[in-house]
Amino acid sequence: MHLRLTDFERVASPALQPANTNDPRPVLIVLHQETSTPGRVGNALRSLGHSLDVRRPRFGDPLPDSLDDHAGAVLFGGPMSANDPDDYIRREIDWIAVPLKERRPFLGICLGAQMLAKQLGARVAPHAHGRAEVGYYDIHPTAAGRAMCAQWPRQVYHWHVEGFELPAGAELLAEGGDFPVQAIRSDTAYGFQFHPDVTWAMMHRWTTKGHERLELPGARPRREHFADRAVHDLAERIWLAHFLDHWLARAPLGEPVTALREAAE
């Protein structure tokens, strides 16, 4: 059965109703390249009624001393490493202490998740045998992950050569193969090793400009990126919108996600 997104919305419309409609504050968006965008995450946040406060510390933008003026913060990916000695990398890692201390909604994606792990005292490093995750790969939610979200997408998009260990005191929400730690939670902070933010245009750009990564051990061929997207993207898109809504509201996701996945079957 082939359904459009609007079909899913009709089947499970209660699950897509914003849970956090009363917070008018923008979401802080931290990007790492001049041409980077918040992609699907930005689209989903705007659809939930939030404006975006985009900052690029690498190019001189300051980060706030407090998140009192923001509904939450998302720290995105990039080709650099959380282990790089650049001042802006160290400043961003140090800054994550702000949402942690204030117990404000924080989400790190790929590099952002690795920075969160570093702030929490965990190790970030390449795979021991030089393998990469570039393309779609299975993830497996843990008991803690299923308690947070009844159903997860079976496969999600990756673009990384480094991973991170589980920080002390953090919950492991989802596991993977070559990179076992795929999603974590530490109080109100979340880290995803994968890229739910990637749009079709971003995927096209990454696989074109970053084509050399497609030759790394473990990477998927370019054609599989788009073939797998046709299979797995819709479930990931709906899951992301629902996650972001409840992440900002700091409410449990619960059963509505199950309804979404049952509608997809």
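Our structure is the block above this text.
Calculation rules
- Residues numbered from 1 in each chain as written.
- Predicted model: local features only at pLDDT ≥ 70, side-chain atom pairs only at ≥ 80, totals over all residues.
- Heavy atoms only, no water.
- 1 Å grid on protein atoms, 1.4 Å probe; cavity = no way out; pocket = protein on both sides within 12 Å on 5 of 7 lines; lining within 4 Å.
- Points joined across faces, edges and corners; volume = space filled by probe spheres on them.
- Helix = DSSP H or I, 4+ residues; strand = E, 2+ residues; numbered from the N terminus.
- Nonpolar A, V, L, I, M, F, W, Y, C, P; charged D, E, K, R; others polar.
- Core = buried A, V, L, I, M, F, W, Y, C linked by side-chain atoms within 4.5 Å.
- Buried < 20%, exposed > 50% of the residue type's maximum accessible area, 1.4 Å probe, protein only.
- Contact = heavy atoms within 4.5 Å.
- Salt bridge = Lys/Arg side-chain N within 4 Å of Asp/Glu carboxyl O.
- Pairing = 2+ DSSP bridges.
- Axes fitted to C-alpha atoms, helices over the stretch in contact; angles between N-to-C directions.

Enquirer: Where do I start with the layout of surface pockets in this structure?
Expert: The gaps left among the atoms become clear once a water-sized probe is rolled over them. Estimated volume of the largest pocket: approximately 670 Å³. Lining the largest pocket we find 27 residues, and of these Q33, G78, P79, W159 and W206 sit closest to its centre. Tallying contributions element by element places helix α7 (residues 200–209) first for the lining of the largest pocket, with four residues. Of the residues belonging to the lining of the largest pocket, the class tally is 10 nonpolar, 11 polar and six charged.

Enquirer: Just to check I follow, could you spell out the nonpolar core for this structure?
Expert: Note that soluble globular proteins tend to have their nonpolar side chains buried in a common cluster. Residues V74, L107, W152 and L244 are the most contacted members of the largest nonpolar core, which totals 30 residues. Every element with two or more residues in this core is listed here: β1 (27–30), α2 (39–47), β4 (106–109), β10 (171–175), β12 (189–192) and α8 (222–249). No other element matches α8, which puts six residues into this core. What V74 contacts, discounting residues up to four positions off in sequence, is V27, L28, I29, V30, V41, L45, L107, I109 and W247.

Enquirer: Just checking my understanding: could you explain the pattern of salt bridges for this structure?
Expert: When their charged atoms lie close together, side chains carrying opposite charge are able to pair. Considering all chains together, one arrives at 11 salt bridges under this definition. The salt bridge partner of D87 is R90, with a shortest N-O separation of 2.3 Å. Within this pair, D87 and its partner R90 are both found in helix α3 (residues 87–95), separated by three residues, close to a single helical turn. Classification of R90 by relative accessible area gives partly exposed; the value is 41%. The partner of D138 in a salt bridge is R154, and the shortest N-O contact between them spans 3.4 Å. Here D138 is found in strand β6 (residues 133–138), whereas its partner R154 is found in the loop between α6 (143–148) and β8 (155–160), with 16 residues between them in sequence. Take D138: its relative accessible area is 33%, and that puts it in the partly exposed class.

Enquirer: Please clarify how the sheet that holds strand β3 (residues 72–75) should be interpreted in this entry.
Expert: Taken in spatial order, the eight strands make up an open sheet running β2-β1-β3-β4-β12-β11-β10-β7, and their pairing is mixed. At either margin of the open sheet sits one strand with a lone partner, and together these are β2 (52–55) and β7 (140–141). Inspection of the sheet shows β4 paired to β12 by four bridges, in the parallel sense. Pairing of L107 across the sheet is with Y190, part of β12. In this fold α2 packs onto β1, β2, β3 and β4, with an angle of close to 150° to the strand it touches most, β2. Set on the sheet, helix α5 (residues 111–119) makes contact with β3, β4, β11 (181–186) and β12; between it and β4 the angle comes to about 120°.

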